[in-house]
Amino acid sequence: MKHVTVDEIAAAASRIRGAVVRTPLVRLSLDDAAAEVYLKLENLQPTGSFKVRGVSNVMAQLGPEAKRRGVYTVSAGNMAQALAWQSQRNGIPCAVIVPDNAALTKLEAIKRYGARTIRLPFDDVWRVVTDHYYAPLKESIFVHPFSDEGMIAGNGTIGLEILEDLPGVELVLVPFGGGGLSIGIASAVLAKRPRVRVYGVEPETAAPLAASFSAGSAQEVDRVPSFVDGIGAKSVLPEVWEAVKGLLKGSLVVSLAQVASAVRLLAERNRVVAEGAGAASVAAALTRKAGHGKTVAVVSGGNIDSSKLAVILQGGVP
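For clarity, every value in this text was computed on a predicted model and none was experimentally measured.

Cut-off values and rules
- Residues numbered from 1 in each chain as written.
- Predicted model: local features only at pLDDT ≥ 70, side-chain atom pairs only at ≥ 80, totals over all residues.
- Heavy atoms only, no water.
- Helix = DSSP H or I, 4+ residues; strand = E, 2+ residues; numbered from the N terminus.
- Rg over C-alpha atoms; globule rule 2.2 N^0.38 Å.
- Buried < 20%, exposed > 50% of the residue type's maximum accessible area, 1.4 Å probe, protein only.
- Areas by Shrake-Rupley, 256 points an atom, 1.4 Å probe, with all protein chains shown as cover.
- Lys, Arg positive; Asp, Glu negative; His and termini not counted.
- Charge placed at Lys NZ, Arg CZ, Asp CG, Glu CD.
- Expected span 1.5 Å × (residues − 1).
- Contact = heavy atoms within 4.5 Å.
- Pairing = 2+ DSSP bridges.
- Axes fitted to C-alpha atoms, helices over the stretch in contact; angles between N-to-C directions.

### Describing the overall build of the protein chain
So, step 1. Of regular secondary structure, the protein chain possesses 13 helices and 10 strands.
So, step 2. Here the C-alpha radius of gyration of the protein chain, 18 Å, is about what a compact globule of 318 residues would show, namely 20 Å.
So, step 3. In terms of its C-alpha atoms, the protein chain occupies a principal-axis envelope of roughly 55 × 45 × 40 Å.
So, step 4. The buried share among the 318 residues of the protein chain stands at 61%.
So, step 5. Taken as a whole, the protein chain presents about 12,400 Å² of accessible surface, with 48% of it coming from carbon and sulfur.
So, step 6. Across the protein chain, the 34 positively charged side chains and the 29 negatively charged ones have centroids separated by 4 Å.

Structure (structure tokens):
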């Protein structure tokens, strides 16, 4: 996986203009916040997450071969929705491989967009992630959910927008799942503002990035499934580690209770619906672990099951 330049990210911004939403940057409505916190609301994208940016960039470059062969991906839900959405718009056959514990809200959305769903145990799903390949779909084009230069360049457009809307930003907190969102945003931001600090954010139930920074090499961890299903991977892929170790300051690990509290806070104070992954960055901002200053928390998605949201709004942790 080669380094993605800011020029490639700017080209992606031109390529996807009109296909995605230029999401707002709004102040977190919390007077006693640990820092001046702003929310980059990627939950407002057409499919409810940032993934439409990378997918739109990749699909724009595939050309007629995509219609002939079809496309597929592997995803807990948000990448699958984004690829299915773009495929439906362009008349392209689409299949998605999802873990057997994927959120019902996301599975229903995938079906609504007309994609074929293949459900596998998580370990089998992760094998497709690491191998970049699934034999039964070998005739189709595989679009990796994060370890792909086109996806990363599309994700990086978020970083360009942050700099345009908040030139004095000092800290950017990004939910870390596979790493493509963090790499894209950091590549854009640091190319123009090298002193900005960018951190990945992970749940305590699965924090391979934190383990990798601690060990100085890509690590695998024991992953415990939780309601924070959009991030929290089993490992950091070696090619992703090579990119993030020079871009990110580290990983901020948050508890499930902190994430649930952030979901509730966003709903009550800003009327924002965020999934666990999307609220994790806000949870990290409120811990003060990364210090003070003008902080942007990337709310990466809002696809949360209504039953889980109900539990959180009543003060619980799903």
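Now, onward.
### Looking at helix α12 (residues 276–287)
So, step 1. Here α12 is 12 residues long and its end C-alpha atoms lie 16 Å apart, about the 16 Å a rise of 1.5 Å per residue gives.
So, step 2. Among the residues of α12, Gly276, Ala277, Gly278, Ala279, Ala280, Ser281, Val282, Ala283, Ala284 and Ala285 are the ones counted as buried.
So, step 3. In the core, the buried residues of α12 are packed alongside β2 (36–41), β7 (171–175), β8 (197–203), β9 (250–254), α11 (256–269) and β10 (294–299).
So, step 4. Positive phi appears at arginine 288, one or two residues downstream of α12, with a value of about 70°.

### Description of the sheet that holds strand β3 (residues 71–74)
So, step 1. With parallel pairing, four strands are arranged side by side in an open sheet as β5-β4-β3-β6. A strand with exactly one partner marks an edge of an open sheet, and here the two such strands are β5 (116–120) and β6 (141–142).
So, step 2. Sheet analysis places β3 next to strand β4 (residues 94–99), joined by four bridges and oriented parallel. What sits directly across from threonine 73, in β4, is valine 96.
So, step 3. On the sheet, helix α6 (residues 122–131) packs against β3, β4, β5 and β6 and is oriented at approximately 130° with respect to β4.

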